[in-house]
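What follows is the residue order along each chain.
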Amino acid sequence: MGLNKLIASAATLAILAASTGQLPRIIRAVHIAQLHLLKESQASKWPRAALLPPSK
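Residues numbered from 1 in each chain as written. Predicted model: local features only at pLDDT ≥ 70, side-chain atom pairs only at ≥ 80, totals over all residues. Heavy atoms only, no water.

Novice: Could you give an account of the overall build of the chain, with specific residues and numbers?
Specialist: Summing up its helical and strand segments, the chain has 2 helices and 0 strands in all. Seen along its three principal axes, the alpha-carbon backbone of the chain occupies a region of about 70 × 30 × 10 Å. Looking at the 56 residues of the chain, the share that counts as buried comes to 2%. Working note: accessible area of the chain is about 5700 Å², and carbon and sulfur atoms make up 69% of it. (Helix = DSSP H or I, 4+ residues; strand = E, 2+ residues; numbered from the N terminus. Buried < 20%, exposed > 50% of the residue type's maximum accessible area, 1.4 Å probe, protein only. Areas by Shrake-Rupley, 256 points an atom, 1.4 Å probe, with all protein chains shown as cover.)

Structure representation (structure tokens):
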């Protein structure tokens, strides 16, 4: 049920932003946030994997 409220709130905010002319600005902010999330989740930020010693 919480997801339905979230979707309704997002739709309301999108309509409000479009009616005030701020939708392109909000879309750009969301795209920037997505890029930051991708940058933070890169494998270079992960710790090194523990490797097993070579077998003989």
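Novice: Can you explain a nonpolar patch on the surface? Please cite residues and give values.
Specialist: There is a patch of nonpolar side chains on the surface, built from Leu3, Leu6 and Ile7 and spanning about 320 Å² of accessible area. Among the secondary structure elements, Leu6 is positioned in helix α1 (residues 2–19). Judged by its relative accessible area of 55%, Leu6 falls in the exposed class. (Patch = residues over 30% accessible without salt bridge, like charges linked within 9 Å, V, L, I, M, F, W, Y side chains within 5 Å. Salt bridge = Lys/Arg side-chain N within 4 Å of Asp/Glu carboxyl O.)

Novice: Kindly report on α1, identifying the contributing residues and their values.
Specialist: An ideal rise of 1.5 Å per residue puts 26 Å on 18 residues; α1 measures up with 26 Å between its terminal C-alpha atoms. Counting buried residues in α1 gives 1 out of 18 residues, a small share hidden from the surface. Immediately beyond the C-terminal end of α1, within one or two residues, lies Gly21, with a positive phi of roughly 80 degrees. (Expected span 1.5 Å × (residues − 1).)

Novice: Could you give an account of the environment of Ala33, with specific residues and numbers?
Specialist: Structurally, the position occupied by Ala33 is in helix α2 (residues 23–40). Accessibility expressed as a relative area gives 45% for Ala33, which makes it partly exposed. Along the primary structure Ala33 and Ala17 are separated by 16 residues, whereas in three dimensions their C-alpha atoms are 18 Å apart.

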